[in-house]
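This is what each chain is made of:
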Amino acid sequence: MKIISKMALAAVFSVGLVGQSYAAECIAPANPGGGWDFTCRSITKIMHDIGAVDDPIQVTNMAGGGGGLAFTHVVNERNSDDALIVAASTATATRLAQNAYSGMTSDQVRFLGAIGADPGVIVVAKDSPYKNLNDLLDAVIADPSKHAFAGGSAAGGYDHLKVLMALKRKGFTDIKKVKYIGVDGDADAITQTVGGFTAAMTGDISGVVGFIKSGDVRVLASFTDERIPGFENIPTAKEQGIDVVAVNWRGLYTPKGASDASYKQWTEALRKVGASAEWKEAMMANGLAPFNKVGGDFQSYVDGVIGEVRAMSTELGVMK
């Protein structure tokens, strides 16, 4: 175990750049403007604004390979860097589970935490005969050939997999029989469902808000621990006996070889951001719901999701 004093840690966290002194660096594994960029810029700004860190944190965009370029860079070149954090999301975990990062594995980094998420939902057309999640899942189990789901991810992506997770909780194991149509985004998936081409849509709440307000759809369930703020009329899957939490979380990881002292410092800073009024405002402005898992609790959650995604992806033939 690497032991580092508070004074030494402060020295490590002092990164001198021309015209600016940064406490640390956050890598956003994508171009400016996307979800990972939002994660880095919003969280690190609030960390500094509320005094969770002493100095501004540099944000570096490193696009490539759906996050794979940044992951490889951290593992191979920055493995012991105490002053480095990296933006991550559910897509990161899914790609690691499906070996999309060329042999890289999730245990090569330490997942730090997530403090917000875009909740997963199951949606049907307003005139659908299915009144709750169990009605829908029971119908699929009775005859998978007569029901299809539409989602904004490709087959084997997370929109597809969270439906299969829900079915598995009811004891259905022949997941290859479940029909799924992958389209280009939540709006197209909703169109498939409202048009009667699929029984339901699987996606995230942010992509269906307009359709909910227009009355075109009904949300049967959210895949969250608690009901979504602002959408308290939507029951969770857990309330309906389906123990699935499937959200597009916004979080961070750190290098595997960084010190325990730095990991503790980062988790404390992230907890402070998650509890701040500033972060609550940022979540509301960007359509996110609370999802607070930091430190060991989050690492266990990610490990569980990766294990389940890997097993189902193998079953589906997405990976060997």
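Since this is a predicted model, take the numbers as computed values, not measurements.

On inspection of all chains with the given rule, the structure shows one disulfide. Bridging Cys 26 to Cys 40, the disulfide has an S-S length of 2.0 Å. Between Cys 26 and Cys 40, the S-S dihedral sits near -80°, and the bridge is therefore left-handed. In this pair, Cys 26 sits in strand β3 (residues 24-28) while Cys 40 sits in helix α2 (residues 35-49), placing the two residues 14 residues apart along the sequence. Classification of Cys 26 as buried rests on a relative accessible area of 0%. Overall, the relative accessible area of 0% leaves Cys 40 in the buried class.

With respect to burial, strand β6 (residues 109-125) is a largely interior element, 16 of its 17 residues being buried. In the sheet, β6 pairs with strand β11 (residues 247-255) via nine bridges, with the strands oriented antiparallel. Each residue of the ladder has a partner; that of Gly 113, found in β11, is Leu 252. In the sheet, β6 pairs with strand β12 (residues 293-294) via two bridges, with the strands oriented antiparallel. Of the residues in β12, the one forming a bridge with Gly 113 is Val 294. Bridge analysis of β6 against strand β10 (residues 217-222) gives five bridges, and the strand direction is antiparallel.

Right, let's get into helix α5 (residues 133-142). Residues spaced three or four apart along an α-helix point in a common direction, a consequence of the helix completing one turn every 3.6 residues. Among the residues of α5, Leu 133, Asn 134, Leu 136, Leu 137, Ala 139 and Val 140 are the ones counted as buried. Buried residues belonging to α5 abut β6, β7 (148-151), α6 (158-169), β9 (200-204) and β10. The residue sitting at the N-terminus of α5 and contributing the capping side-chain oxygen is Asn 132; that oxygen lies 3.1 Å from the backbone nitrogen of Asn 134.

Turning next to the nonpolar core. Core analysis: the largest hydrophobic core is formed by 88 residues, its most contacted members being Met 47, Leu 136, Trp 249, Trp 279, Phe 291 and Tyr 301. Ranked by residue count, the leading element in this core is β6, at eight residues. When we break this core down by domain, the ones giving at least three residues each are domain 1 (25-117 + 248-316) and domain 2 (119-240). Aside from chain neighbours lying at most four places away, what touches Met 47 is Ala 52, Val 53, Ile 57, Trp 266, Ala 269, Leu 270 and Val 273. Of all hydrophobic cores here, the second largest spans 15 residues; its members include Ala 150, Met 201, Ile 205 and Val 217.

Low pLDDT marks regions whose predicted coordinates should not be analysed in detail. Here the protein chain averages 90 in pLDDT, while 93% of its residues score no lower than 70. Per-element averaging of pLDDT across the protein chain places strand β1 (residues 15-17) at the bottom with 36 and α5 at the top with 98.

Another point: the domain arrangement of the protein chain. Looking at the protein chain, the domain boundaries give domain 1 (25-117 + 248-316) and domain 2 (119-240). Summarising the inter-unit geometry, the C-alpha centres of domain 1 and domain 2 are found 27 Å apart. Counting across the domain 1 and domain 2 interface gives three salt bridges. One salt bridge in this structure joins Asp 225 and Lys 293, with 3.9 Å as the shortest N-O distance. Joining domain 1 to domain 2, the criterion identifies three residue pairs in polar contact (both at pLDDT 80 or more). The set of elements that each furnish at least two residues to the side of domain 1 that touches domain 2 consists of α4 (90-97) and α11 (296-316). Of the residues forming the side of domain 1 that touches domain 2, the biggest block, eight residues, is contributed by α11.

Among all positions of helix α10 (residues 277-285), only Trp 279, Ala 282 and Met 283 are buried. Buried residues along α10 cover an arc of 100° about the axis, so they all sit on one side. Away from its buried face, by an angle of more than 90 degrees, α10 presents the exposed residues Glu 281, Met 284 and Ala 285. Buried residues along α10 sit against α2, β6 and α9 (260-274). A positive backbone phi angle near 70° is found at Gly 287, which sits one or two residues after α10.

Thresholds applied
Residues numbered from 1 in each chain as written. Predicted model: local features only at pLDDT ≥ 70, side-chain atom pairs only at ≥ 80, totals over all residues. Heavy atoms only, no water. Disulfide = S-S within 2.5 Å. Helix = DSSP H or I, 4+ residues; strand = E, 2+ residues; numbered from the N terminus. Buried < 20%, exposed > 50% of the residue type's maximum accessible area, 1.4 Å probe, protein only. Pairing = 2+ DSSP bridges. Contact = heavy atoms within 4.5 Å. Polar contact = N/O pair within 3.5 Å; in protein donor to acceptor, adjacent residues only side chain to side chain. Core = buried A, V, L, I, M, F, W, Y, C linked by side-chain atoms within 4.5 Å. Domains from an automatic or database assignment. pLDDT = per-residue confidence, 0-100. Salt bridge = Lys/Arg side-chain N within 4 Å of Asp/Glu carboxyl O. Arc of directions from axis to C-beta.

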